[in-house]
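Structural characterization, general
Residue-level listing of the chains:
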Amino acid sequence: MTRKGRLQPAALAAILAVQGVAAVFFVGDALADLRAGPAAPHSVFEALVVVALVLGMGVGAWQLRVALDRLRVQDRALATARGTLAQVIESQFTRWGLTPAERDVGFLALKGLDVSEIAGVRGVADGTVRAQLTRIYAKAGVSGRAQFAAWFVEDLLDEGLPAPASHTAPLSAQEGASALAPGHRSD
Amino acid sequence: MARPVASGRRGGAVAPPDPWDPLIRITHWGIALAVVSNGLLNKPGGTVHVWIGWAVMALLAMRLIWGVIGPAEARFSAFPPDPRAAMSHLVDLVRGRPREHMSHNPAGALMVYALWASLAVVTVTGLIMTDGQSPVTIAEQKAAVAAGDWSMLAKSAGKEDDEGGLSEAAGELHEGAANLMLILAMIHVAGVVVESRALRRNLVRPMVTGRGKGR
């Protein structure tokens, strides 16, 4: 989506550049004609074309500006959402007591890399990664990769919904335990 | 491997845009290409040389207009010429701790203005040298001369006598400013390399495609 969004301003800018170069050549030629024969119908026509070209470029520049501004707003919103999610994940990893290596593996797993890909990125054997993943799942108390990923997505999906009680059962159980000790909220 | 985490954290930090906006990128590489080809490759004073000169005039004009109406970091107000800030940035750079800036860093900004100024001088003197004739006219003249019509040549020769001094001075200036620009361009490239190393970040990529995988 962002990729497609970036293509549009790039195309606009490219067209603008071509227009600009063409306009300069045309203006140069029109000026030469004007010097040769001022006020000839030909010159009047060329002057009109120059005005049209410049106007078109003005509109193009304005559109480019608008497109870039819109893109920026979207990017910021996305970065904020991403940053917040990353924070949530990091604090949860801390709460689970993951080691630095496990954190990295956990992040890569959440990003959708499979065992051999993670092993490749980290430069370790597949078996090592598999063992680390198993430890991560154990610490998080989940059955496997799908549940591990769902752990973070679940919060996002529940947000703003009139949450049915059964869905939040594991979470509220956790919270119920920590609610006994005030000031020690589990987020 | 810790990169995904780091990039997530850097989200709100002050840094130049990644990627730069497309108009900046197109004019940047268009001008770079033109400088290399007109300064080093093609025949000075040839038709191609003049064509490229006119195209570069358009690119420079567009970038300058964009400096007024473009997005925040493209505007002149985002990188005012400030020699003192440039010096302190260079000092920081030597110490290996350059600060991030929202647009061009102060030293880079000075370089930008120096390059634009020398480019403008080269373009204007080039126009004076060719008597302001558009490449279209020049090409037509050359075609006419090649076809055996020497009258065009006589006309332009007569003109040159009147403005011989001016044209010659323009020629000297054209060459001097062009050489200066080539030197500045080399310093510019060196500066980008040094700054990229100091910031541990590829500064060229935002000027080409940006973050690559659309992230």
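In this report, we go over the structure that sits alongside the text. These figures come from a predicted structure and were not determined experimentally. (Residues numbered from 1 in each chain as written. Chains lettered and ligands numbered in written order. Predicted model: local features only at pLDDT ≥ 70, side-chain atom pairs only at ≥ 80, totals over all residues. Heavy atoms only, no water.)

This brings us to the overall build of chain A. Tallying secondary structure elements over chain A gives 7 helices and 0 strands in all. Going from the N terminus to the C terminus, chain A shows its helices and strands as α-α-α-α-α-α-α. A burial count over chain A gives 30% of its 187 residues as buried. A fraction of 52% describes how many contacts in chain A between residues 6 or more apart in sequence connect residues 24 or more apart. On chain A, roughly 11,300 Å² of surface is accessible, and the fraction owed to carbon and sulfur atoms is 67%. (Helix = DSSP H or I, 4+ residues; strand = E, 2+ residues; numbered from the N terminus. Buried < 20%, exposed > 50% of the residue type's maximum accessible area, 1.4 Å probe, protein only. Contact = heavy atoms within 4.5 Å. Areas by Shrake-Rupley, 256 points an atom, 1.4 Å probe, with all protein chains shown as cover.)

It is worth spelling out the interface of chain A and chain B at this point. Tallying the contact residues gives 30 residues for chain A and 34 residues for chain B. Approximately 2,600 Å² of surface area, both sides summed, lies buried where chain A meets chain B, with 67% of it carried by carbon and sulfur atoms. Contact with chain B buries surface across chain A, with V24, F25 and R65 of chain A losing the most and accounting together for 21% of the total. Applying the counting rule to chain A against chain B returns 1 salt bridge. In this structure, the salt-bridge partner of R72 of chain A is E73 of chain B, at a minimum N-O distance of 2.8 Å. Applying the counting criterion to the chain A and chain B interface returns 3 residue pairs in polar contact (both at pLDDT 80 or more). Contributing elements (two or more residues each) for the side of chain A that touches chain B: α1 (2–36), α2 (41–96) and α3 (100–110) of chain A. With 17 residues, α1 of chain A is the single largest residue contributor to the side of chain A that touches chain B. Looking at the side of chain A that touches chain B residue by residue, the class counts come to 15 nonpolar, 3 polar and 12 charged. (Buried area = accessible area lost by both parts, 1.4 Å probe. Salt bridge = Lys/Arg side-chain N within 4 Å of Asp/Glu carboxyl O. Polar contact = N/O pair within 3.5 Å; in protein donor to acceptor, adjacent residues only side chain to side chain. Nonpolar A, V, L, I, M, F, W, Y, C, P; charged D, E, K, R; others polar.)

The biggest cluster of nonpolar side chains holds 43 residues, and the ones touching the most others in it are L64 of chain A together with W66 and L119 of chain B. Per element, the largest residue contribution to this core is 10 residues, and it comes from helix α3 (residues 47–69) of chain B. If we skip the residues at most four places from it in the chain, L64 of chain A touches P9, L12, A13 and L16 of chain A together with P22, L23 and W66 of chain B. Within the second largest apolar cluster, 21 residues are counted, among which are I89, V105, F148 and W151 of chain A. (Core = buried A, V, L, I, M, F, W, Y, C linked by side-chain atoms within 4.5 Å.)

With that settled, consider helix α4 (residues 83–94) of chain B. Residue and element names in this part refer to chain B. The end-to-end C-alpha separation of α4 is 16 Å, in line with the 16 Å expected for 12 residues at 1.5 Å each. Looking only at α4, the buried set comprises A86, H89, D92 and L93. Projected down its long axis, α4 carries its buried residues within an arc of 120 degrees, all on one side. Along α4, exposed side chains directed more than 90 degrees from the buried face belong to P83, R84, M87 and V94. The positive-phi residue at the C-terminal boundary of α4 is G96, with phi of around 80 degrees. (Expected span 1.5 Å × (residues − 1). Arc of directions from axis to C-beta.)

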